[in-house]
Amino acid sequence: LFSLLPRPNYSSDNGFGLRGRLVVPTGKHGETYFNYDWYTKAGFKPDIGYRHYFPWGGASFGYKKEESTINDRNVWIEKKPELNVWTNRYSIGNTPFYVSFNGSMGEWIQGARKGSHRMINGVITHDPIYLGSDVSFNASLGYKKDWYEYGDTIRSMPYWKARINWRVNDRINLWTSYSQFNFDHNSPYTFDREDYRKRSDFGGYWRIDRMNAVGFQWTRDEVTNKIAEKNLYYYRDFHSFGVNVRYRIDTKAWEMRWVLKDF
C-alpha cells in the first residue's frame, strides 16, 4: 500500500504531478493493478486492469491513458480497453540467440482520432558480446505490424538496433547506438509514430560522488544528417528518496521526478 502514496514529479509538458502504484495478487498466477498519474496540465491518467501469468508468458486486460514522446514532446493516448499478450524469451537451439513475441488489440483514442488497433511484434536478441572486459555489444532484429482502423492504415515495419556500452572507469560510462525502422506507412497516431527512420545516439554519465551524477544524450537523424535532440541529466540521492532531472536543450523544457526509496 505504501507504493500507492502520491509521489511528486514535474515536466514542462504535463505540469506538476503525483504518481502512485498498487498491485494486488489475485489467485496464484494473477494480479489486479491500479496505477495513476495526475498533472496540473494533463489531468488524471489512470491505468487499471488485470494481469495473468502463464508458463509461456502473460496477458493483461485493462483501461489506461498512456504517455509517449514524439519529437521530444510528450503525447497521450487513451486505450479503452486493450488486451496485451506476451511470451517469455526462448533460446534458439544451443545458440546465444533468443526470440520473443508480443501483441495487442484494443480501442485507441487520441483527440479526434479513434478506432480499433491491432499489433504483432517479434524480436530476436542475444547475450551481450564482450569486446574486452569493459566494452559490450548488443543488437536486436525485429518485425512489427500494426492495423489501424483510423485512416484504414497498415504499417509493416522490419527494424534493427545495435548498441555499444563502454565502462571507462568506476565513475564514467559511455554508450552509442544505432536504430533503423523500415516502414511503408507511419502511424496515423502521433503516440506510436516513429520519430526517425534512421537514428544514432551517443550518451554517457559521470558519477561525481556517492550522491550525485550527471549525464547527457545526443540524438542524430541519419536521414537529414542533423542533431535532432540534446538532453542533459542530473541525479541527486537524498538517502530516503532520489531526484531525477532532465533538461531538453533544444526546447528548453524541464522534467523532474522524485523517487521514494524507503518503501
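Relevant structure appears above.
For the structure given in this document, a descriptive report is provided here.

Conventions used here
- Residues numbered from 1 in each chain as written.
- Predicted model: local features only at pLDDT ≥ 70, side-chain atom pairs only at ≥ 80, totals over all residues.
- Heavy atoms only, no water.
- Phe/Tyr/Trp six-rings, centres within 6.5 Å; stacked < 30°, edge-to-face > 60°.
- Helix = DSSP H or I, 4+ residues; strand = E, 2+ residues; numbered from the N terminus.
- Buried < 20%, exposed > 50% of the residue type's maximum accessible area, 1.4 Å probe, protein only.
- Lys NZ or Arg CZ within 6 Å of the ring centre and 35° of its normal.
- Pairing = 2+ DSSP bridges.

## As for the packing of aromatic side chains
By convention here, two paired aromatic rings are described through the distance between centres and the angle between planes.
No. 1: In this structure the tally under the stated criterion is 14 aromatic pairs.
No. 2: Ring plane angle 75 degrees and centroid distance 5.4 Å describe the contact between Trp108 and Tyr189, whose orientation is recorded as edge-to-face. Here Trp108, found in strand 8 (residues 97-110), pairs with Tyr189, found in the loop between strand 13 (172-181) and strand 14 (198-207); they are 81 residues apart in sequence, far enough to count as distant.
No. 3: Residue class for Trp108 comes out buried when judged on its relative accessible area of 3%.
No. 4: Accessibility expressed as a relative area gives 0% for Tyr189, which makes it buried.
No. 5: Considering the side-chain rings of Phe216 and Trp218, the 5.7 Å spacing of their centres and the 75 degrees angle between planes classify their relative orientation as edge-to-face.
No. 6: Judged by relative accessible area, which is 28%, Trp218 ranks as partly exposed.
No. 7: An aromatic cluster of at least three residues, connected via ring pairs, comprises Trp108, Tyr148, Tyr150, Tyr189 and Phe191.
No. 8: Taking NZ or CZ as reference, Arg51 lies 4.2 Å from the ring centre of Tyr33, over its face.

## Brief notes about the pairing of strand 4 (residues 43-54)
Consecutive side chains along a regular strand alternate between the two faces of the sheet.
No. 1: With ten bridges connecting them, strand 3 (residues 30-39) and strand 4 associate as antiparallel partners. Bridge pairing in strand 4 places Tyr36 opposite Pro46.
No. 2: In textbook terms, the turn of a hairpin is the stretch between consecutive antiparallel strands, and for strand 3 and strand 4 this stretch comprises three residues.
No. 3: In the sheet, strand 4 pairs with strand 5 (residues 57-70) via eight bridges, with the strands oriented antiparallel. Each residue of the ladder has a partner; that of Phe54, found in strand 5, is Gly57.
No. 4: Between strand 4 and strand 5, which pair antiparallel in sequence order, lie two residues.

Just geometry here; none of it tells us what the structure is for.
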